[in-house]
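# An overview of the molecular structure
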2 protein chains.
Amino acid sequence: MRYKTVIVDDHPIVISGIAGLLSDLDNIEIVEKFESGVALLDYIEEHTVDLILMDIFLPVINGVDLCKTIKQKYPKLIIIGMSSQSERSLVMQFIQNGGNGYVLKNASFGEFKECINRAIAGEIVFSEEVKMIISQPLSEDLERIPSLSRRERDIALLLSQGKSTQEIADDLFLSFLTVQTHRRNILQKYKMKNVAELIAFLLKNNLLN
Amino acid sequence: MRYKTVIVDDHPIVISGIAGLLSDLDNIEIVEKFESGVALLDYIEEHTVDLILMDIFLPVINGVDLCKTIKQKYPKLIIIGMSSQSERSLVMQFIQNGGNGYVLKNASFGEFKECINRAIAGEIVFSEEVKMIISQPLSEDLERIPSLSRRERDIALLLSQGKSTQEIADDLFLSFLTVQTHRRNILQKYKMKNVAELIAFLLKNNLLN
DNA sequence: TTTCTTTTACCTGTTTTCAGGTAAAAAAGC
DNA sequence: GCTTTTTTACCTGAAAACAGGTAAAAGAAA
């Protein structure tokens, strides 16, 4: 059997690279290539797909959410995530959403191919560097990342722009004390010591904007 | 004449993609591929190279500094920068360091090829999205981004981990006052209001780690 | 309707940051 | 050797963040 495979990446160059790599594997048949998740969602509604290789950082819908959406409808579809650099929490979330594997783009060709073959065989696969990342379990990472509420995100965004509590209160027409409460709640939610650590965390986990 | 071309990117997949793309161009001859800048520096010492396509976010030396180093020794060498996403300031700095063009990896194949051909012809080239980015001149971006010194980077990194001035002083065996001075210097260097804004700026511009 | 989450707001006190100085030894660059 | 940058260090006072509470109104979800 040949696995009908789709590649999703917003970089044509990367698509071409993967396609070239996969041409060696005779159990893989590349049926389509997309630069965004929405195009993919439309496609799988009307076509049979067995395997998806997707970038995690995509324009409109990110890969983690995209994976969840697809897996809810097509649980048997095999999805492998890819990214340039990654955080433990991101990989875990992807797997939690049903992903069958995660490969860093700096993986060697050999690693890539092996991961794909083993994923097809039913395993959950990771490239070497991803294994390194996930083998250092930090207790905080084990918990699912809660999301920011709308107001919290507004405030976090202004904090990342260097605004003080008072300035944010003025910008959003809120009481100084309200903003103070929100800020503290955000810090507590992610167990962060201060705003600097928070901003670093939010940016690395793409929770901002 | 065939241009002896080198590709530098830490993602094998991307190298493969570009190589495939360039195989269409018969005035380009790919002589070598590297995953890091240091390997490239060694190579060009002993071989003739006419054109370099380099990723900006590279492990040890970043592409902007790498470009500067190479151009100082080999001003005629044509260097085209590439990255996945980019900031105006980063592109400007690359060009200021002698880069002959800048292309986003989400550029179409046609754009890629055209950029390369025009760069060879002596032009400074940008892919469409890069043109968009640089055509919105923000005054702050017009100034060159200074880089962090080693000590400053150490301290900025610890700041991004939520450490306080005292904790950093303890970690690095420095006086509290010394760390305070460094932190202030960093803030002044980038004209940032506070550490939160600083961390956001550093992460977005990949000046950290 | 009841429950949970979100958004709003207040009070107090301690710790830390931020902004303004200055300056000398060490290292790096030319 | 000379110059510039980096690293080290100190002083002070105002501003802001942080940590600990509490709590009510509004909105969403069950």
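For the structure itself, consult the block above.
Presented here is an overview of the structure given in this document. (Residues numbered from 1 in each chain as written. Chains lettered and ligands numbered in written order. Predicted model: local features only at pLDDT ≥ 70, side-chain atom pairs only at ≥ 80, totals over all residues. Heavy atoms only, no water.)

### Quick word on the relation of the copies chain A and chain B
By a simple turn and slide, chain A fits onto chain B: the slide is 0.7 Å along the axis, the RMSD is 1.5 Å, and the turn is 179°. In short, the pair behaves as if placed about a two-fold rotation axis. A share of 100% of interface residues in chain A that are also interface residues in chain B marks the association as one of identical surfaces. (Least-squares fit on C-alpha atoms with pLDDT ≥ 70 in both. Contact = heavy atoms within 4.5 Å.)

### Section: the sheet that holds strand S3 (residues 51-55) of chain B
All names here are of chain B. Strand order in the open sheet made by the 6 strands is S2-S1-S3-S4-S5-S6, with parallel pairing throughout. Single-partner strands in this sheet number two, and they are strand S2 (28-34) and strand S6 (125-126). Contacts from helix H3 (residues 63-73) reach S3 and strand S4 (78-83), with the element oriented near 160° to S3. The sheet strands contacting helix H5 (residues 109-120) are strand S1 (3-8), S2, S3, S4, strand S5 (101-104) and S6, and the helix crosses S4 at an angle near 155°. (Pairing = 2+ DSSP bridges. Helix = DSSP H or I, 4+ residues; strand = E, 2+ residues; numbered from the N terminus. Axes fitted to C-alpha atoms, helices over the stretch in contact; angles between N-to-C directions.)

### Description of the pattern of salt bridges
Applying the stated criterion to the full structure yields 20 salt bridges over all chains. Across the pair Asp24(A) and Lys113(A) runs a salt bridge, and its minimum N-O distance is 2.7 Å. Here Asp24(A), found in the loop between helix H1 (12-22) and strand S2 (28-34), pairs with Lys113(A), found in helix H5 (residues 109-120); they are 89 residues apart in sequence, far enough to count as distant. Here Asp171(B) makes a salt bridge to Lys163(B), at a shortest N to O gap of 2.7 Å. The network of salt bridges with shared partners includes Asp9(A), Asp55(A) and Lys105(A). (Salt bridge = Lys/Arg side-chain N within 4 Å of Asp/Glu carboxyl O.)

### Focus: the interface of chain A and chain B
Facing the 30 residues of chain A at the interface are 30 residues of chain B. Summing both partners gives a buried area of about 2400 Å² for chain A against chain B, and 67% of it is carried by carbon and sulfur. Our enumeration of links across chain A and chain B arrives at 0 salt bridges. The tally of links from chain A across to chain B stands at 7 residue pairs in polar contact (both at pLDDT 80 or more). Residue assignment for the side of chain A that touches chain B shows that the elements contributing at least two residues are H1, H5, helix H8 (150-160) and helix H11 (195-204) of chain A. Within the side of chain A that touches chain B, the residues separate by chemical class into 14 nonpolar, 10 polar and 6 charged. (Buried area = accessible area lost by both parts, 1.4 Å probe. Polar contact = N/O pair within 3.5 Å; in protein donor to acceptor, adjacent residues only side chain to side chain. Nonpolar A, V, L, I, M, F, W, Y, C, P; charged D, E, K, R; others polar.)

### A look at the protein's contact with DNA strand C
Near DNA strand C, the surroundings consist of 18 residues, among which Ser149(A), Arg151(A), Ser175(A), Thr165(B) and Arg184(B) are the closest. Thr178(A) has a polar side-chain atom sitting 3.0 Å from a phosphate oxygen of DNA strand C. A distance of 2.6 Å separates a base oxygen of DNA strand C from a polar side-chain atom of Arg184(B). Those elements giving two or more residues to the surface near DNA strand C turn out to be H8 and helix H10 (176-189) of chain A together with helix H10 (176-189) of chain B. In the surface near DNA strand C, the residues fall into 4 nonpolar, 9 polar and 5 charged. (Near = heavy atom within 4 Å.)

### With respect to the protein's contact with DNA strand D
What surrounds DNA strand D is a group of 17 residues, the closest being Thr165(A), Asn194(A), Ser149(B), Arg151(B) and Ser175(B). Here, DNA strand D places atoms within 4 Å of the protein, and 55% of those atoms are sugar or phosphate. Side-chain polar atom of Thr181(B) to a base nitrogen of DNA strand D: 3.2 Å apart, as the coordinates give it. Between a phosphate oxygen of DNA strand D and a side-chain N or O atom of His182(B), the distance comes to 3.4 Å. Of the residues in the surface near DNA strand D, the class split is 3 nonpolar, 9 polar and 5 charged.

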